Amino acid sequence: MRFVPRWALLSSGCAPVLLAGGWVIAGLLEGPAYDPAAQTISVLAADGAAGSWVMTGALVALGACHLLTAWGLRAAALAGRVALGGGGVSAFVVALFPAPSSGGSLHHGSVAAVGFTLLAVWPVLAADRGGAPPWGLRPAPSIMATALMCVGAAWFLIEMQGHGAIGVAERVVTSLQSLWPFLVVASCLRHPDQDESVT
């Protein structure tokens, strides 16, 4: 197994904390007018939103975390690392093209969809099908992670069509997508071959 640097644990571990911290703080700045169950995270970063600078900063930091993790996660297959890095780039672009204060945006929605897709498929693309890989890079957990993210994305679309709990569905999916890289890196660092690489 190729060596995974310990700093990848920091970059991957910061991702879910920064994302959740961003939407919590931005939501508090927005006040009672914002409904986290029924409104998306994008509303918090929209033009004119009180906490847009916080949510935009969180998205940029999230993108940087994903890019750093993709760079350091050398044990993963290249296609998975590229997809994870692409998800990071998508977070940057989402921050560059915020949702308008009212209505939708084709640019924002398209980039967000690409980001969702890349972050959903990266576990399967990163899986190692030979030897005895770390737990997070084995095919079964990788397929399970991708399947859960796809189910979550489908739930989000259903809620969006029915004007239901869009915010809840989005937070569940994005939390899973931001947490999975950390679990993969942690499993790589705990793998016996990692210790052999260091010595």
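Residues numbered from 1 in each chain as written. Predicted model: local features only at pLDDT ≥ 70, side-chain atom pairs only at ≥ 80, totals over all residues. Heavy atoms only, no water.

Draft legend 1. Quick peek at a nonpolar patch on the surface. Among the surface-exposed residues, Val 24, Ile 25, Leu 28, Leu 29 and Trp 53 lie close enough to one another that they form a single nonpolar patch of about 560 Å² accessible area. A per-element tally of the nonpolar patch places helix α1 (residues 7–30) first, with four residues. Assignment of secondary structure puts Ile 25 in helix α1. Using a relative accessible area of 45% as the deciding quantity, one classes Ile 25 as partly exposed. (Patch = residues over 30% accessible without salt bridge, like charges linked within 9 Å, V, L, I, M, F, W, Y side chains within 5 Å. Areas by Shrake-Rupley, 256 points an atom, 1.4 Å probe, with all protein chains shown as cover. Salt bridge = Lys/Arg side-chain N within 4 Å of Asp/Glu carboxyl O. Helix = DSSP H or I, 4+ residues; strand = E, 2+ residues; numbered from the N terminus. Buried < 20%, exposed > 50% of the residue type's maximum accessible area, 1.4 Å probe, protein only.)

Draft legend 2. A look at the packing of aromatic side chains. All chains considered together, the criterion is met by three aromatic pairs. On the basis of an interplanar angle of 45 degrees and a centroid distance of 5.6 Å, the ring pair of Trp 7 and Trp 71 is categorised as tilted. Of this pair, Trp 7 sits in helix α1 while Trp 71 sits in helix α3 (residues 52–72), and the two are 64 residues apart along the sequence. Lying across the ring of Trp 23, Arg 171 places its NZ or CZ 5.2 Å from the centre. (Phe/Tyr/Trp six-rings, centres within 6.5 Å; stacked < 30°, edge-to-face > 60°. Lys NZ or Arg CZ within 6 Å of the ring centre and 35° of its normal.)

Draft legend 3. Just the packing of helix α6 (residues 139–162) against helix α7 (residues 166–190), in detail. With their axes 8 Å apart at the nearest point, α6 and α7 run at an angle of 160 degrees to one another. As judged from the angle between their axes, α6 and α7 are roughly antiparallel. Here α6 runs over α7; the crossing is left-handed. Across the interface between the two elements, Pro 141, Ser 142, Ala 145, Leu 148, Met 149, Gly 152, Ala 153, Trp 155, Phe 156, Glu 159 and Met 160 from α6 touch Ile 166, Val 168, Ala 169, Glu 170, Val 172, Val 173, Leu 176, Gln 177 and Trp 180 from α7. For the contact of α6 with α7, the class distribution of residues is 15 nonpolar, three polar and two charged. (Axes fitted to C-alpha atoms, helices over the stretch in contact; angles between N-to-C directions. Parallel < 35°, antiparallel > 145°, perpendicular 65-115°, else oblique. Left-handed = near helix turned anticlockwise from the far one by under 90°. Contact = heavy atoms within 4.5 Å. Nonpolar A, V, L, I, M, F, W, Y, C, P; charged D, E, K, R; others polar.)

Draft legend 4. Spotlight on the packing of α3 against helix α4 (residues 78–96). At a minimum axis separation of 8 Å, α3 and α4 run at an interaxial angle of 165 degrees. The orientation of α3 relative to α4 falls into the category roughly antiparallel. As α3 packs across α4, the resulting crossing turns out to be left-handed. Together, Thr 56, Leu 59, Val 60, Gly 63, Ala 64, His 66, Leu 67, Thr 69, Ala 70, Trp 71 and Gly 72 of α3 and Arg 81, Leu 84, Gly 85, Gly 88, Val 89, Ala 91, Phe 92, Val 94 and Ala 95 of α4 make up the contact between the two elements. Partitioning the contact of α3 with α4 into residue classes produces 12 nonpolar, seven polar and one charged.

Draft legend 5. Spotlight on the nonpolar core. Among the nonpolar cores identified, the biggest contains 20 residues, and Val 4, Leu 73, Trp 122, Leu 137, Val 184 and Cys 188 are the most heavily contacted of them. For this core, the secondary structure elements donating two or more residues are α4, α5 (106–126), α6 and α7. Take this core: its biggest share by element is five residues, from α7. Listed in part, the 17 residues of the second largest apolar core include Ala 26, Tyr 34, Val 54 and Leu 59. (Core = buried A, V, L, I, M, F, W, Y, C linked by side-chain atoms within 4.5 Å.)

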